[in-house]
Amino acid sequence: MAAPSTDITKLVLEPIDPLALAAYVRGNGDGAMVIFDGFVRDHSKNRRTLYLKYEAYEPMALAKIQEIAAHLHNQFPIHRVAMVHRLGRLEIGETSVYIAVSAAHRAAAFDACRYAIDTLKCTVPIWKKEYFEDGSVWADGELPSAPSATSAVKPAS
Amino acid sequence: MAAPSTDITKLVLEPIDPLALAAYVRGNGDGAMVIFDGFVRDHSKNRRTLYLKYEAYEPMALAKIQEIAAHLHNQFPIHRVAMVHRLGRLEIGETSVYIAVSAAHRAAAFDACRYAIDTLKCTVPIWKKEYFEDGSVWADGELPSAPSATSAVKPAS
Amino acid sequence: MPSVSQSIRVKVLFFGRLKEIAGRAHESIDLAPEADIESLFARYASRYPELQQYRPSLVASCNQEFAPWNTVLHAGDEVAFLPPVSGG
Amino acid sequence: MPSVSQSIRVKVLFFGRLKEIAGRAHESIDLAPEADIESLFARYASRYPELQQYRPSLVASCNQEFAPWNTVLHAGDEVAFLPPVSGG
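Rules used in this analysis
- Residues numbered from 1 in each chain as written.
- Chains lettered and ligands numbered in written order.
- Predicted model: local features only at pLDDT ≥ 70, side-chain atom pairs only at ≥ 80, totals over all residues.
- Heavy atoms only, no water.
- Helix = DSSP H or I, 4+ residues; strand = E, 2+ residues; numbered from the N terminus.
- Rg over C-alpha atoms; globule rule 2.2 N^0.38 Å.
- Buried < 20%, exposed > 50% of the residue type's maximum accessible area, 1.4 Å probe, protein only.
- Areas by Shrake-Rupley, 256 points an atom, 1.4 Å probe, with all protein chains shown as cover.
- Lys, Arg positive; Asp, Glu negative; His and termini not counted.
- Charge placed at Lys NZ, Arg CZ, Asp CG, Glu CD.
- Pairing = 2+ DSSP bridges.
- Axes fitted to C-alpha atoms, helices over the stretch in contact; angles between N-to-C directions.
- Contact = heavy atoms within 4.5 Å.
- Least-squares fit on C-alpha atoms with pLDDT ≥ 70 in both.
- Buried area = accessible area lost by both parts, 1.4 Å probe.
- Salt bridge = Lys/Arg side-chain N within 4 Å of Asp/Glu carboxyl O.
- Nonpolar A, V, L, I, M, F, W, Y, C, P; charged D, E, K, R; others polar.
- Expected span 1.5 Å × (residues − 1).
- Parallel < 35°, antiparallel > 145°, perpendicular 65-115°, else oblique.
- Left-handed = near helix turned anticlockwise from the far one by under 90°.

Caption draft 1: Representation of the overall build of chain C. When helices and strands are counted, chain C shows 2 helices and 5 strands. Helices and strands appear in chain C in the N-to-C order β-α-β-α-β-β-β. For a compact globule of 88 residues, the expected C-alpha radius of gyration is about 12 Å, and chain C comes in at 13 Å, within 12% of that figure. Dimensions of chain C, computed from the C-alpha atoms along their principal axes, are close to 50 × 25 × 20 Å. Burial statistics for chain C: of 88 residues in total, 53% are counted as buried. Split by element, the accessible area of chain C, about 4,200 Å² in all, is 53% carbon and sulfur. With 8 positive and 10 negative side-chain charges, chain C shows a separation of 7 Å between the mean positions of the two kinds.

Here you go:
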């Protein structure tokens, strides 16, 4: 279930280079690439954002990103995947997450790219703190759907 | 129903510059951008492709692309759109169509980008000729769903 | 009163395979008043019989908008026969 | 035969808001054998009462995999309490 070694899955501190990732992902045998670029918005809930900081449970986050990439190859007829998340301090407009998926046909590339970001957002242990002029807050976030207690009590079916 | 003047809609002969388009489309008030990059595959139906040529009914094709962009703004909460199609001779790996959509939230950007390329592929009067080692063919293409005859005969409902 | 034989001139455009068959990208042609797009196509199909086989796969446009085949033409109209599109 | 009082040592990690409350990113702690993640959390909640309110919004991991709260811990396990994730 490992992602093919030709995928790029990374957590980085430095700015993400979209052109290099896109160039790597698109192959001459493909015809389509879909990219998701997530970046720092200048506001949050009507407050002006100054900058963000991201932190991660790094080894687990990387493993979860690699699981997602591997799952994409199992579920969709795609070629290559790049999934990169940046950590540390990010300024307004800077890319926090970049996902590129290439495929022979666009439907698979769209489906896979969307599945990747949707799954990343609700399962990968990364946290965002938003800094405003008058303070900072941890973003609300999503509760990962973790396994429930291993209990003898079964839910009514 | 015109696309906002801040959109980019173009037919071009020169190579498409993805970085410039992406930088233009993503704004500091957005958080998400979805990009579709369609490019020349090195094969078609098990034959090795040498290169492609695209031609268009240029004024109508541009008008149809602008209609699609305008429709995106009507249907989806998005910010900016770039839709660029290249014409003339394209080599393997070169981008033929590039669509970027920015939005505050990713779902709208995905939906709009996908709608744009799906609609472009079946309604915009552009034609592709594929060149192989032993000849060339016009691509099969899609029949636009044009208005049917204005007739007094109604279909059974 | 206009003569019943007065003709109208329209511009016709050919693309893709049709351009190769017609050997030209466009031409102007004189039609009888009340001619529709279907009858215009029939005229080209009689001049270039190879065109006829493509009729089911074509859509028509008039003045850069998709148009039904029974659209009646007027002087100055720009008509095109559009093969299945393959952009993207 | 091992003594019933023999303890196990596990590593505990704190992230986001929890790291701020605990004032540290990680520590090692000795637990009674058969302790589960829930009891480990209870221990921290008694040390840092502010933690308790976040319990419903947390998920647990053991050895870098999501784990039920009743997972029994073993020596050397790495446990983390994960606030709602907000990557992307």
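We are not done yet, so read on.
Caption draft 2: A look at the sheet that holds strand E1 (residues 8-12) of chain B. The mixed open sheet is built from 8 strands, whose spatial order is E1(A)-E5(A)-E7(A)-E2(A)-E2(B)-E7(B)-E5(B)-E1(B). Two strands lie at the open edges of the sheet, namely strand E1 (8-12) of chain A together with E1 of chain B, each paired on one side alone. Looking at each pair of strands side by side, their axes are set apart by 5° on average, direction ignored. As paired strands, E1 of chain B and strand E5 (residues 78-86) of chain B are joined by 5 bridges and run parallel to one another. Considered in E5 of chain B, the bridge of Ile8 of chain B is made with Ala82 of chain B.

Caption draft 3: Spotlight on the environment of Val10 of chain D. All names here are of chain D. With respect to the element layout, Val10 can be found in strand E1 (residues 8-14). Given a relative accessible area of 1%, Val10 falls into the buried group. Along the sequence, Val10 and Glu27 sit 17 residues apart, while their C-alpha atoms lie 8.5 Å from each other. When residues no more than four places from it in sequence are discounted, the contact partners of Val10 are Glu27, Ser28, Ile29, Leu31, Leu40, Leu73, His74 and Asp77.

Caption draft 4: Looking closely at the relation of the copies chain B and chain A. Superposition of chain B onto chain A requires a rotation of 180° combined with a translation of 0.0 Å along the rotation axis, giving an RMSD of 0.0 Å. Accordingly, the operation relating the two chain copies is best matched by a two-fold axis. Within chain B, the C-alpha atom positioned nearest to the axis of rotation is that of Ile35 of chain B, 2.5 Å from it. A share of 100% of the interface residues of chain B reappears at the interface of chain A, consistent with the copies meeting face to face through the same patch.

Caption draft 5: Structural context of the pairing of strand E5 (residues 78-82) of chain C. Residues and elements named next belong to chain C. Where burial is concerned, most of E5 is hidden: 5 out of the 5 residues are buried. A two-sided burial pattern is seen for E5, the buried positions comprising Glu78, Ala80 and Leu82 on one face and Val79 and Phe81 on the other. As paired strands, strand E3 (residues 59-62) and E5 are joined by 4 bridges and run antiparallel to one another. Looking at the pairing, Cys62 lines up with Val79 of E5.

Caption draft 6: Expanded view of unusual backbone geometry. Positive phi is not limited to glycine here, since Asn46 of chain A has a value of about 70°. On the secondary structure map, Asn46 of chain A appears in the loop between strand E3 (43-44) and strand E4 (47-56).

Caption draft 7: Seen up close, the interface of chain B and chain A. Contact residues are listed per partner, giving 35 residues for chain B and 35 residues for chain A. Roughly 2,900 Å² is buried in total at the junction of chain B and chain A, and carbon and sulfur atoms are behind 53% of that figure. Counting the surface chain B buries against chain A, the share from its top three residues, Phe39, Arg106 and Phe110 of chain B, is 23%. Joining chain B to chain A, the criterion identifies 6 salt bridges. For Arg114 of chain A, the salt bridge is made with Asp111 of chain B, and the minimal N-O distance between the two is 2.7 Å. For the side of chain B that touches chain A, the secondary structure elements donating two or more residues are helix H1 (18-25), strand E2 (32-39) and helix H3 (106-123) of chain B. In terms of residue count, H3 of chain B provides more of the side of chain B that touches chain A than any other element does, 9 residues in total. Grouping the constituent residues of the side of chain B that touches chain A by class yields 15 nonpolar, 9 polar and 11 charged. For strand E2 (residues 32-39) of chain A and E2 of chain B, the ladder comprises 7 bridges, and the chain directions are antiparallel.

Caption draft 8: Fine view of helix H2 (residues 58-75) of chain A. Here H2 of chain A contains 18 residues, and its C-alpha end-to-end distance of 26 Å stays within 8% of the 26 Å for a straight helix at 1.5 Å per residue. Buried within H2 of chain A are the following residues: Met60, Ala61, Lys64, Ile65, Ile68, Ala69, Ala70 and Leu72 of chain A.

Caption draft 9: Molecular detail of the packing of helix H2 (residues 58-75) of chain B against H3 of chain B. Residues and elements named next belong to chain B. Where H2 meets H3, the axes come as close as 10 Å, and the angle between the chain directions of the two elements is 155°. It follows from the interaxial angle that H2 and H3 lie roughly antiparallel. In the packing of H2 onto H3, the handedness of the crossing is right-handed. Packed against H2, whose contacting residues are Lys64, Ile65, Ile68, His71 and Leu72, the element H3 presents Ala112, Tyr115, Ala116, Thr119, Leu120 and Thr123 at the interface.

Caption draft 10: Broad picture of the interface of chain D and chain A. Listed by partner, the interface residues are 26 residues for chain D and 35 residues for chain A. Where chain D abuts chain A, roughly 2,500 Å² becomes buried across the two surfaces, and 60% of that area is made up of carbon and sulfur atoms. Three residues, Phe66, Val85 and Gly88 of chain D, lead the burial of chain D against chain A; their summed loss comes to 28% of the area buried on that side. Our count for the contact surface shared by chain D and chain A stands at 3 salt bridges. In this structure, the salt-bridge partner of Lys64 of chain A is Glu65 of chain D, at a minimum N-O distance of 2.6 Å. Of all elements in the fold, only helix H1 (16-22), strand E3 (59-62), strand E4 (65-67) and strand E5 (78-82) of chain D reach the threshold of two or more residues within the side of chain D that touches chain A. Considering each element in turn, the side of chain D that touches chain A owes the most residues, 4 residues, to H1 of chain D. Residue composition of the side of chain D that touches chain A, by class: 13 nonpolar, 8 polar and 5 charged.

Any functional reading would require information beyond the geometric quantities listed.
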